[in-house]
Amino acid sequence: MKVEDFDFHLPEELIAQTPLADRTSSKLLVADYPNNELHHTTFQHILDELREGDCLILNDTKVMPARLMGVKEETGASVEVLLLTQLADDEWETLVKPAKRVKIGTVISFGDGLLTATCTAIKDHGGRVFKMNYDGVFFEVLDQLGEMPLPPYIHEKLEDRDRYQTVYAKEQGSAAAPTAGLHFTSELLEAMEKKGVKIGYVTLHVGLGTFRPVSVDTIESHEMHAEFYRMPQVTADLINETKAAGGRVVAVGTTSTRTLESVAKKFDGEVKEDSDWTSIFIFPGFEFKVIDAMITNFHLPKSTLVMLVSALTSRDFILDAYQEAIDQRYRFFSFGDAMLIKGKDFK
């Protein structure tokens, strides 16, 4: 299957640069694959598409202020470091710009020495591993020095860093937001529970895979970078009880989807408590074991995320839905509008 098969033309002015004042006021395109229908509403009406007995699974990862601006101690040259994954003993896997200036042994200083980082390894993908040196609690130091790592297609300054955070963010560790969850408010989640929609949480820390384009010609040749996930027992129980009672499992975002399907793949279709690393790559032909529907934003052309959502329905159906969104002037990407995709077995 060719990567080019997942290309589409997106007018640049449709790339959302700032979040809406009201999280729930985004447009919502309901892509009903079983009935081959598309209809338009707004996100505050997502509840109309769900029923008592369904369960909603959200990713409770919290975005770190992971972008650090520093200088090389030896030369004073400016260096940008993006933290991706925490390793053992205060070591972090990172992306660096400009990477060619940073070799093993290079020391970078941030905040006039409040934090220093020594390069200990160079990864195959060009990333760097740093050993961090600081006094106190690392995440408190990071909160002082770091900036929110907005995607490169967002050029406007984010005035409120909480707007690149879900209202239920809890487990610190992501280099990017699980953006489908940005549409939810505490009030909307409460309304769902009142209706009888059960809510569960998983954790997947968004890492390098989010920043890597597909650079091969055929999908099957692309390799995903591993990301850490956690499936709590309480959430596994909720999913199993929902399925046993005939309810539908709705994943909020591609990260929740990848977590659920990674666990099911590991345990031959069963959902169990687990924590592990996943490099699962979902594209058309994939057989979903857990989810019946997905709430998601609109993704970049030729990205692994467009391939993932196509797998839940079909490539043609998704590309037709994307064209409808473009025609109706939906806002795209991280701060953009949303889509509810009802999968093949959503009844």
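Residues numbered from 1 in each chain as written. Predicted model: local features only at pLDDT ≥ 70, side-chain atom pairs only at ≥ 80, totals over all residues. Heavy atoms only, no water.

Draft legend 1. Spotlight on the domain arrangement of the chain. Here the chain is partitioned into domain 1 (3–63 + 160–342) and domain 2 (67–147). Each of domain 1 and domain 2 was reduced to a C-alpha centroid, and the two centroids are 31 Å apart. Carbon and sulfur atoms supply 63% of the area that domain 1 and domain 2 bury against each other, a total of about 800 Å² over both sides. At the boundary of domain 1 with domain 2, the tally comes to 1 salt bridge. The closest approach of N and O atoms between Asp-143 and Arg-161, which form a salt bridge, is 3.0 Å. Seen at the junction of domain 1 and domain 2, the total is 3 residue pairs in polar contact (both at pLDDT 80 or more). Taken together, the residues of the side of domain 1 that touches domain 2 sort by class into 4 nonpolar, 4 polar and 1 charged. (Domains from an automatic or database assignment. Buried area = accessible area lost by both parts, 1.4 Å probe. Salt bridge = Lys/Arg side-chain N within 4 Å of Asp/Glu carboxyl O. Polar contact = N/O pair within 3.5 Å; in protein donor to acceptor, adjacent residues only side chain to side chain. Nonpolar A, V, L, I, M, F, W, Y, C, P; charged D, E, K, R; others polar.)

Draft legend 2. Quick look at the packing of aromatic side chains. Throughout the structure, instances matching the rule amount to 19 aromatic pairs. For the pair Phe-8 and Phe-332, a centre-to-centre distance of 6.5 Å together with 45° between the ring planes defines the contact as tilted. Here Phe-8 is found in the segment before strand E1 (27–32), whereas its partner Phe-332 is found in the loop between helix H6 (315–327) and strand E17 (338–342), with 324 residues between them in sequence. Exposure remark for Phe-8: the relative accessible area of 13% places this residue in the buried category. Put simply, the rings of Phe-8, Tyr-153, Phe-298, Tyr-322, Tyr-330, Phe-332 and Phe-333 pair up and form one aromatic cluster. (Phe/Tyr/Trp six-rings, centres within 6.5 Å; stacked < 30°, edge-to-face > 60°. Helix = DSSP H or I, 4+ residues; strand = E, 2+ residues; numbered from the N terminus. Buried < 20%, exposed > 50% of the residue type's maximum accessible area, 1.4 Å probe, protein only.)

Draft legend 3. Representation of the pairing of E17. Counting buried residues in E17 gives 5 out of 5 residues, a clear majority hidden from the surface. Residue alternation in E17 divides its side chains into two sets, Ala-338, Leu-340 and Lys-342 and Met-339 and Ile-341, and both sets are buried. Direction of pairing for E1 relative to E17: parallel, over a ladder of 5 bridges. Paired with Asp-32 across the two strands is Lys-342, which belongs to E17. (Pairing = 2+ DSSP bridges.)

Draft legend 4. Broad picture of helix H2 (residues 186–195). Inspection of H2 places Leu-188, Leu-189 and Met-192 among the buried residues, and these make up the whole buried set. Here the buried residues of H2 occupy an arc of 100° about the axis, which is enough to place them on one side. Of the residues in H2, the exposed ones pointing more than 90 degrees away from the buried face are Glu-187, Glu-193 and Lys-194. The elements touched by buried residues of H2 are strand E3 (55–59) and strand E12 (198–204). Positive backbone phi, at 100°, marks Gly-196, one or two positions downstream of H2. (Arc of directions from axis to C-beta. Contact = heavy atoms within 4.5 Å.)

Draft legend 5. A look at the sheet that holds strand E5 (residues 67–72). Overall, antiparallel pairing links the 6 strands, which are arranged E5-E6-E7-E10-E9-E8 in a closed barrel. Here the strands of the sheet are splayed against their neighbours by 45° on average, with no regard to which way each runs. Looking at chain direction, E5 and strand E6 (residues 78–86) are connected through 5 bridges and run antiparallel. Residue Leu-68 lies in a different strand from E6, and its bridge partner there is Val-81. (Axes fitted to C-alpha atoms, helices over the stretch in contact; angles between N-to-C directions.)

Draft legend 6. Representation of the pairing of strand E10 (residues 128–134). Sheet topology note: the strand E7 (residues 91–97)/E10 ladder contains 4 bridges and is antiparallel. Bridge assignment links Thr-94 to a residue of E10, and that residue is Arg-128. Bridging between strand E9 (residues 115–122) and E10 involves 7 bridges; their strand directions are antiparallel. In the sheet register, Cys-119 faces E10, and the bridge partner there is Phe-130. Between E9 and E10, which follow one another and run antiparallel, lie 5 residues, and Gly-126 among them has a positive phi close to 95°.

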